[in-house]
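Structural overview for review
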Amino acid sequence: MTNAKGYAAHSAESPLESYAFERRELRGDDVAIDILYCGVCHSDLHFARDDWGMAAYPVVPGHEIVGRVTAVGAEVSHYQEGDLVGVGCMVDSCRHCQACDDGLEQYCAEGFTMTYGSEDRHDGTLTQGGYSDKVVVSERFVLRMPEGIDLKSAAPLLCAGITTYSPLKHYGVKPGHKVGVIGMGGLGHMGVKLAKALGAEVTLFTRSQGKVDEARSNGADHVVVSTDDDQMAAVAETFDFMLDTVPNQHDLNPYLQSLKYDGTHILVGQLQPLEPAVMGANLIFRRRVLAGSLIGGIPETQEVLDFCAEKGITCDVEMIDIQDINQAWERMQKGDVRYRFVIDMASLKDAD
């Protein structure tokens, strides 16, 4: 076992605090990684606060990990000491179901093992995430950082990036398509950038007039303020796709009405029941599709890293020290970040 240091929540009410724990010894297919940067995802807060009823404590959050390989197991063939790598939202799966065989481990029939808060499939211990100085992960779930990519802004690509890239690719967004992106947060701003890079004409839907300039600076061709009935009426039956990044309950019907026939509305943020109710007529009379999408498999996550490196796409980040993580969570709840916090793990050396 290896001594590790991180920040953990010990209950749904407690703040994150310094926490010493142990990482496992290397298995044959394991890669040991010193963590350089870790993105801060709203899911970290939801899990630690048990908003989804699935928390296990103590929990070290963090599933947007960028680091450097320090050691490898005897069976590892793709990585060596010194390589720059990433780890995203999952660290294992059954590896034998159809989804896993297809490189879609996020849809593993037995459920994927989360980077934190899951039971390890081999020894039953609780997985702990990237708000820490080191991590040990099977090489199958390790990503290679492409040459030239900015490591700080690459961290959120392992969640926010792949969560928006995967549905755009799966549903075939290409040049000539009109894509609406709903919400201008960590997911939404990446959705705008990626859809634009895929050649689509992109419109950002926001409730706030204050987001108009931000959306345009991130590449949006158009902006619709969704609280303005006239603006919404003007885009009725316009779009091929809607990428819905809003995490809270909201009325889908006005956005469905903005889709062409055969249009697709893709949910990537909202896990709660759909309220108010979706009108069946908004689907049936235009053969529209209401769909969902969850992160991406390991091959596709590598693909989005390589794509972003090639296209020069970065996530907009604000760097913080680990000692400021509780204040960052408070700011994140208020929407006071543009658009992703990333922790510089060098600061952990000075933590109590």
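See the structure shown above.
The notes below deal with the structure included here. None of these values were measured; they are calculated from a predicted model.

Parameters and conventions
Residues numbered from 1 in each chain as written. Predicted model: local features only at pLDDT ≥ 70, side-chain atom pairs only at ≥ 80, totals over all residues. Heavy atoms only, no water. Phe/Tyr/Trp six-rings, centres within 6.5 Å; stacked < 30°, edge-to-face > 60°. Helix = DSSP H or I, 4+ residues; strand = E, 2+ residues; numbered from the N terminus. Buried < 20%, exposed > 50% of the residue type's maximum accessible area, 1.4 Å probe, protein only. Lys, Arg positive; Asp, Glu negative; His and termini not counted. Salt bridge = Lys/Arg side-chain N within 4 Å of Asp/Glu carboxyl O. Contact = heavy atoms within 4.5 Å. Core = buried A, V, L, I, M, F, W, Y, C linked by side-chain atoms within 4.5 Å.

As a further point, take the packing of aromatic side chains. For the structure on display, the rule yields six aromatic pairs. Ring pairing ties together the aromatic residues Phe205, Phe239 and Tyr255, which thus form one cluster.

What follows deals with the side chain of Glu300. Residue placement: Glu300 occurs in helix 10 (residues 298–311). It turns out Glu300 is buried and unbridged, and the closest side chain with the opposite charge, Lys169, is 7.1 Å from it. Ignoring anything within four residues of it in the chain, the contact list for Glu300 reads Ile162, Tyr165, Ser166 and Lys169.

With that out of the way, let us pick up the nonpolar core. Judged by nonpolar contacts, the single largest core of 91 residues is most densely connected at Val40, Tyr131, Leu194, Ile325 and Trp329. It is strand 3 (residues 30–40) that contributes the most residues to this core, six residues altogether. Contacts of Trp329, omitting those with residues within four sequence positions, involve Leu16, Val40, Asp44, Leu45, Ala48, Arg49, Pro61 and Tyr131.

Moving on: unusual backbone geometry. For the bond running from Glu275 to Pro276, omega is -5°, close enough to zero to count as cis. By secondary structure assignment, the location of Pro276 is in the loop between strand 14 (259–267) and helix 9 (280–284). With a phi angle near 55°, Asp50 is a residue other than glycine that sits in the positive phi range. Secondary-structure assignment places Asp50 in the loop between helix 1 (42–48) and strand 4 (65–72). One non-glycine residue, Asp262, lies in positive phi territory at about 65°. Checked against the element boundaries, Asp262 lands in strand 14. For Asp262, a relative accessible area of 36% translates into the label partly exposed.

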